[in-house]
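Report on the structure
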Amino acid sequence: MDKQMRTEADAIVAASIKAVQPDEAVSRALAGKEFPGKVVLVAAGKAAWQMAKAAHDCMGDRIDSGVVITKYDHVMGAIANFDCREAGHPVPDENSFAGTQAALELVQDLTEQDTVLFLLSGGGSALFEKPLVRGEVLQDVTNQLLACGADIVEINTIRKRLSAVKGGRFAQSCAPAQVFSIVLSDILGDPLDMIASGPACPDTSTCAQAQAIAEKYRLKLTDEVKALLGQETPKELHNVTTQITGSVRELCAAAAGVCREMGYEPVLLTDQLCCQAKEAGSFLSSILKTHYGAGKPMAFLTGGETVVQLTGTGKGGRNQELALAAAPGMAGMKGVCVFSVGSDGTDGPTDAAGGYADGETAAELRAEGIEVYDVLQNNDAYHALQKTGGLIITGPTGTNVNDVAVALLKG
């Protein structure tokens, strides 16, 4: 491993994530706001604890009570009298259902003068859920969607119709109270009704689209699920005000700024990356080949969210797979690396935020009798990168605005 390149990669990751913390955004959204009646807080998503903490710091005792639902190991301590819970992600579990039920009970019996402060971030689709089918049925459908290569918009189009809180239905449950929603975007283009499956937003997707997705990926669905895909979601809501904050654009801009400070000329290739993870990694290594020997340090950046189609039984995540897939193309090159991280600090069902590879990675693995192609076929990037020191581990970051991948070239 090129230790200098790895040190620079870690510094870029740390500074970029720090720049997109939700604290300032939540404070800005609440500045000068007046709420006439009772205020209760519901926060859901990977950044829920951080957002709830920022709201409490701004409003203090003005918030009567709250329910916070986030991913396991993401609660960083008590917040006033809020009920802070942890639950399953990316597949909802019984704690997801119990936490959501607590939130629904909190918003009952409110008046038109009251306000539900709803803080939403990515991951809310799994963490904030009251299924209209049995839990094991929902989990099966979710697992099928995650394994087939469907993108997040397609996944959420299906999940909305199997839920009592998604697709605007949570806002309906809050009525007649007003809902003031602050949303941390984790979907390209910030489509409000798709972020965490839009619990407080009218749904723009249709039954026909949901059924087409099920057909496209040949999902194995029960008759009950098929019937729900044919039931339309709310298309109008009159009790919601929403403010979107944070995005992958800010993450990419922060990364570019750090690269520039280090002496690299940053080039943003896209902040709308949406393809197979291993294709993205191969593409970034090809970019490095084109500019190798150009004589000037350059940093090529992409932001977005890739997907992984499961063909094996290994352990990993999309960012780890992206980085490892770049290794063969960089083999033998000096002063280059590719790294990719999820801004929330988690990548797939692992403790890593992402992965790092450089010109030495492929050779290091081959010396261990491991070929990158075989690893990718088995979706086992985690164990391969573990052997080369290529795992990037940040722990939970408190934010969630997609992924950033960077290809560094010394010159």
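As the structure is a computational prediction, the values presented were derived from the model and not from experiment.

Read from one edge to the other, the open sheet built from six strands follows the order β7-β8-β12-β9-β10-β11, with strand pairing classed as mixed. Unpaired on one side and paired on the other, β7 (265-273) and β11 (391-392) mark the two borders of the sheet. Bridge count for strand β9 (residues 336-342) against strand β12 (residues 403-409) is seven bridges, and the pairing is antiparallel. Within the sheet, the bridge partner assigned to S340 lies in β12 and is A405.

Turning to the nonpolar core, a few remarks are in order. Membership of the largest hydrophobic core comes to 49 residues, with the highest contact counts inside it found for L30, L41, L117, I182, F339 and L408. When residues no more than four places from it in sequence are discounted, the contact partners of L117 are L30, V39, V40, L41, V42, A55, M59, I63, F180 and I182. With 34 residues, the next largest nonpolar core counts L284, I287, L288 and A357 among its residues.

Time to look at helix α9 (residues 207-216). Given 3.6 residues per turn, any residue in an α-helix points the same way as the ones three and four places further on. Among all positions in α9, only C207, A210, I213 and A214 are buried. An end-on view of α9 places all buried positions within 125° of arc, on one side of the element. Opposite the buried face of α9, by more than 90 degrees, sit the exposed residues A208, E215 and K216. Contacts made by the buried residues of α9 are with α7 (152-160) and α10 (223-229).

Regular strands place their side chains on alternate faces of the sheet. The buried count for strand β2 (residues 65-71) comes to seven of seven residues, which makes it a mostly enclosed element. Sheet topology places strand β1 (residues 39-44) next to β2; five bridges connect them, and they run parallel. Counted as the bridge partner of V40 is S65 from β2. This β-α-β element, β1 to helix α3 (residues 48-59) to β2, shows right-handed connectivity. Pairing analysis gives six bridges linking β2 to strand β3 (residues 82-87), with the strands arranged parallel.

In this structure the tally under the stated criterion is four aromatic pairs. Measuring from centroid to centroid gives 4.8 Å for F118 and F170, while their planes differ by 40°, and the two rings are tilted. On the criterion of sequence distance, the pair formed by F118 in strand β4 (residues 115-120) and F170 in helix α8 (residues 169-174) is long-range, its members being 52 residues apart. Measuring from centroid to centroid gives 5.0 Å for F128 and F170, while their planes differ by 85°, and the two rings are edge-to-face.

Turning our attention to the packing of helix α2 (residues 23-30) against α3. With their axes 9 Å apart at the nearest point, α2 and α3 run at an angle of 45° to one another. Comparing their axes, α3 and α2 come out oblique. Every pair of crossing elements has a handedness; the one defined by α2 and α3 is right-handed. Residue-level inspection shows D23, V26, S27 and L30 of α2 in contact with α3, the latter providing Q50, M51, A54, A55, C58 and M59. Residue classes in the contact of α2 with α3 are distributed as seven nonpolar, two polar and one charged.

Thresholds, definitions, all that
- Residues numbered from 1 in each chain as written.
- Predicted model: local features only at pLDDT ≥ 70, side-chain atom pairs only at ≥ 80, totals over all residues.
- Heavy atoms only, no water.
- Pairing = 2+ DSSP bridges.
- Helix = DSSP H or I, 4+ residues; strand = E, 2+ residues; numbered from the N terminus.
- Core = buried A, V, L, I, M, F, W, Y, C linked by side-chain atoms within 4.5 Å.
- Buried < 20%, exposed > 50% of the residue type's maximum accessible area, 1.4 Å probe, protein only.
- Contact = heavy atoms within 4.5 Å.
- Arc of directions from axis to C-beta.
- Right-handed = clockwise from strand over helix to strand, strands pointing away.
- Phe/Tyr/Trp six-rings, centres within 6.5 Å; stacked < 30°, edge-to-face > 60°.
- Axes fitted to C-alpha atoms, helices over the stretch in contact; angles between N-to-C directions.
- Parallel < 35°, antiparallel > 145°, perpendicular 65-115°, else oblique.
- Left-handed = near helix turned anticlockwise from the far one by under 90°.
- Nonpolar A, V, L, I, M, F, W, Y, C, P; charged D, E, K, R; others polar.

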